[in-house]
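If you want the building blocks of each chain, they are given just below.
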Amino acid sequence: MNIVFRVDAAQHIGSGHVMRCLTLADELSQHGVNCIFISREFEGNLFSLIKEKGYLLYSLSSPITSLYQNPNQLVPHEHWLGVNYEVDAKQTIDILNMISIKIDWLIVDHYAIDSRWEEIVKPYVQKIMIIDDLADRQHDCDLLLDQTYQRNKTAYDNNKVKSQHYLLGSKYCLLRNEFLENRNKTLQYFDHEYIDDTSKRILISMGGVDKDNITGKILDSLSDINLLPDDELHIIMGKNAKWLTNIKNTVMNFKCKTYVYHDIRNVAEIMSRCNLAIGAGGTTTWERCSLGLPSIIISIAENQNLIIEELVKCGASWFAGRATSLNKSTLESIIKHAIFDKFSLYSLSKICRDICDGYGTKRVVNIMLSNEFNFDFITEDDIPILYQWRNHEHTRKMSFNSSPIIYQDHVNWMKNKLKDESFVFLKIINFQQETIGCIRLFLNNDESEISIYLDPDKLGEGLGSRILCQFTPWVKENLPQIKYIKARIKSENKASIKVFERSGYKMISSDYILNL
């Protein structure tokens, strides 16, 4: 499967769009998907990061001016594209033609692109997915993702959006796996240790660019608060942070421990050390929520205001104001209230953790891959090819019974099991209508034990986890009595263990279990 991302990062755009696309690409890559990026060469781009992660990048030429001026623009952020939308569409098509492979999905994450661009490019790809959180323009796509908290389809109905499917709300937040991995540790801290913890560990994160030095203004407010030597300030700054040196000089005047991080890869780990965050209202909002980290939010862009309003309304965050009119005394007052009222802070942690559970990226990927395979019941006509696969040297090596199988014994065993209602045998069919593997389920009340093997010629293509991700909904729909699936895997079969773990199975005792 081949997926292309059309997304930009720049001083005037920020880095959030590219970062969430990289998060999605990383998860897709874990399922064997080939991901390619198309991005314009703006000042503040993230080309080096995209390449560092191993993705093929095609760059669009740098515009004469970063903000394209169109007196008749129909889209509020159209100038962010740097060129006319028709020019951008043509340049994108030229690259798609040059790639010369079938593009299963084109994922667009750009406030400047609307249905006019999408209609031009649509004939050159199988499907288009739009990532948006403004709901301020028309779209023509197959899938629309908006991770805004409490978002519903009405917002897009008003703009006459054409989309076959919608993924709306914070349950689809695109977060890296590191946040899921650190979630339990942070929640346990707030539930069992926080009330007795006297130290203040404050996170400051104002986005990848922070062009207006809001971080400096926050530090100015904190300078008048009595932070003790054992207290900590953790300041995260992005790759393109222009005020880095200034911030490093400023924190030297603080009595507490201070840490300034620049262009780091372990954000979740650092967040999990803190018990209060002061940050912007973009993607990092969902990162903090997934960890149950209480936060004071400062709006640095117009599109963040709706998100912040909903979070404050439900008691999940405090709001300190907009960056353009940030008041030092107001911010100082909110910070003091937050760090000295531990019960209010704990209440925020309880509320915000339920807004985003960290599984959003996996949910999106499962849905994107859900039409890649079909499952059909095996018949006696399939027995010969199944014998070839089951008796293959690699399949036997990874099976608990590794001895060669006599063909007639296989035929007799299969015929008996096909009549046995406690067994379900399915063949796996890809989008080219090829049978590429077999799944066997042994049913025992609300439990089922799964066994899967593929055509040996298909090994190494990253199919396993994609098949399992699509198979889970099949089980829920066709075998609703099944509450969990168990897999028995030989300890030396590292590839299969990795496949099942990627698909959500957890090791319990010696088995791998998926709760449905």
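Residues numbered from 1 in each chain as written. Predicted model: local features only at pLDDT ≥ 70, side-chain atom pairs only at ≥ 80, totals over all residues. Heavy atoms only, no water.

Caption draft 1: Broad picture of the nonpolar core. In this structure, Ile202, Ile218, Leu219, Leu222, Trp286, Ile296 and Ile298 are the most contacted members of the largest nonpolar core, which totals 62 residues. Residue contributions to this core peak at five residues, all from helix 12 (residues 328-340). When sequence neighbours within four positions are dropped, the list of residues in contact with Ile218 reads Ile204, Met206, Ile278, Ile298 and Leu331. Among the nonpolar cores identified, the runner-up in size contains 36 residues, and Ile38, Ile95, Ile130 and Leu144 belong to it. (Core = buried A, V, L, I, M, F, W, Y, C linked by side-chain atoms within 4.5 Å. Buried < 20%, exposed > 50% of the residue type's maximum accessible area, 1.4 Å probe, protein only. Helix = DSSP H or I, 4+ residues; strand = E, 2+ residues; numbered from the N terminus. Contact = heavy atoms within 4.5 Å.)

Caption draft 2: Structural detail: the sheet that holds strand 9 (residues 232-237). Strand order in the open sheet formed by six strands is 10-9-8-11-12-13, with parallel pairing between adjacent strands. A strand with exactly one partner marks an edge of an open sheet, and here the two such strands are strand 10 (257-262) and strand 13 (318-322). Adjacent strand axes in the sheet meet at a mean angle of 15°, parallel and antiparallel pairs treated alike. The sheet contacts of helix 7 (residues 214-222) involve strand 8 (201-205), strand 9, strand 11 (276-280) and strand 12 (295-299), and relative to strand 8 the element is tilted by about 155°. (Pairing = 2+ DSSP bridges. Axes fitted to C-alpha atoms, helices over the stretch in contact; angles between N-to-C directions.)

Caption draft 3: Up close: the domain arrangement of the protein. Here the protein is partitioned into domain 1 (2-168), domain 2 (177-359) and domain 3 (371-515). Centre-to-centre, using C-alpha coordinates, domain 1 lies 29 Å away from domain 2. Listed per partner, the contact involves 21 residues of domain 1 and 16 residues of domain 2. With both chains or domains summed, domain 1 and domain 2 bury close to 1,400 Å², and 55% of this area falls on carbon and sulfur atoms. One can count one salt bridge joining domain 1 with domain 2. (Domains from an automatic or database assignment. Buried area = accessible area lost by both parts, 1.4 Å probe. Salt bridge = Lys/Arg side-chain N within 4 Å of Asp/Glu carboxyl O.)

Caption draft 4: Structural view of the pattern of salt bridges. This structure, assessed with the given rule, holds 36 salt bridges. A salt bridge links Lys486 to Glu449, with the shortest nitrogen-to-oxygen separation between them at 4.0 Å. Separated by 37 residues along the polypeptide, Lys486 in strand 18 (residues 484-487) and Glu449 in strand 17 (residues 447-454) bring together distant segments of the chain. Its relative accessible area of 17% is what places Lys486 among the buried residues. Members of the salt-bridge network, linked through shared partners, are Arg6, Asp8, Arg40 and Asp88.

Caption draft 5: Spatial organisation of the UniProt feature "active site" (unreviewed entry) in the protein. Cross-referencing UniProt, the feature "active site" (unreviewed entry) maps to His17 in the present numbering. With respect to the helices and strands, the residue His17 is situated in helix 1 (residues 16-30). When its relative accessible area of 7% is taken as the criterion, His17 is described as buried. When near neighbours in sequence (up to four residues on either side) are disregarded, His17 contacts Val7, Asp8, Asp109 and Tyr111. (UniProt positions renumbered as here; feature names shortened; annotations may be inferred.)

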